[in-house]
Amino acid sequence: MSIVVINALSIPGEAGPELEARFAARKHSVDSEPGFEGFKLLRPVNGEDRYFVYTQWATREDFENWRSKRSDAAHSHNDAKKPVATGAELMEFEIVEL
């Protein structure tokens, strides 16, 4: 059963374009990861001020493997840009096959 993981990113109001540019620059960087099924960046428009990063994975294990690999890579880069987000909340859902 596929899962959806949503990362709700709190960002300063003026940082939206920078966040979008960073995601656009690495738009297909996850495409070849095992179990990756899709990605969307959702911009807030009405009554919400957080961006939502929506990813879909074949299994929770696929997501956790990618997350672990990504965390290891982030720790090895000293030249990483300062984060745009001031907070993040991770939510996870199973897709109900109807």
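What you are looking at is a predicted structure, and each value in this text was computed from that prediction instead of being measured.

On to the packing of aromatic side chains. If you walk through the whole model with that rule in mind, you get 5 aromatic pairs. Between Phe23 and Phe39, the aromatic rings sit 5.8 Å apart at their centres with planes inclined by 15°, giving stacked as the arrangement. Highlighted residues: Phe23 in helix α1 (residues 16–25) and Phe39 in strand β2 (residues 36–42), separated in sequence by 16 residues. When its relative accessible area of 13% is taken as the criterion, Phe23 is described as buried. Ring centres of Trp57 and Trp66 lie 5.4 Å apart, and the angle between their planes is 35°; on these two criteria the pair is classed as tilted. In this structure Trp57 comes out as buried when scored by relative accessible area, which is 0%. One Lys or Arg, Arg26, reaches over the ring of Phe23 and ends 4.7 Å from the middle of that ring.

The subject of this paragraph is the nonpolar core. If you look at the biggest cluster of nonpolar residues, it comprises 8 residues: Leu9, Ile11, Ala15, Leu19, Phe23, Tyr51, Val53 and Val84. Sorting the residues of this core by element identifies α1 and β3 (50–57) as the ones contributing at least two each. Here Tyr51 is in contact with Asn7, Ala8, Leu9, Ile11, Gly16, Leu19, Glu20, Leu41, Leu42, Arg43 and Pro44, once residues within four sequence places are set aside. Judged by nonpolar contacts, the second largest core, of 7 residues, contains Phe36, Trp57, Phe63 and Trp66.

Looking now at the pattern of salt bridges. In the structure shown here, the tally under the stated rule is 7 salt bridges. Between Arg43 and Glu20 there is a salt bridge, with its nearest N and O atoms 2.8 Å apart. With Arg43 in the loop between β2 and β3 and Glu20 in helix α1, the pair connects residues that are 23 residues apart, well separated along the chain. Exposure remark for Arg43: the relative accessible area of 54% places this residue in the exposed category. Put simply, Glu33 and Lys69 hold a salt bridge, and the shortest N to O gap is 2.8 Å. Here the residue Glu33 occupies a position in the loop between α1 and β2, and Lys69 occupies one in helix α2 (residues 60–76), the gap between them amounting to 36 residues. Looking at Glu33, the relative accessible area reads 15%, which means it is buried. What you see here is one network of salt bridges that share partners, running through Glu48, Arg50 and Glu89.

Conventions adopted
Residues numbered from 1 in each chain as written. Predicted model: local features only at pLDDT ≥ 70, side-chain atom pairs only at ≥ 80, totals over all residues. Heavy atoms only, no water. Phe/Tyr/Trp six-rings, centres within 6.5 Å; stacked < 30°, edge-to-face > 60°. Helix = DSSP H or I, 4+ residues; strand = E, 2+ residues; numbered from the N terminus. Buried < 20%, exposed > 50% of the residue type's maximum accessible area, 1.4 Å probe, protein only. Lys NZ or Arg CZ within 6 Å of the ring centre and 35° of its normal. Core = buried A, V, L, I, M, F, W, Y, C linked by side-chain atoms within 4.5 Å. Contact = heavy atoms within 4.5 Å. Salt bridge = Lys/Arg side-chain N within 4 Å of Asp/Glu carboxyl O.

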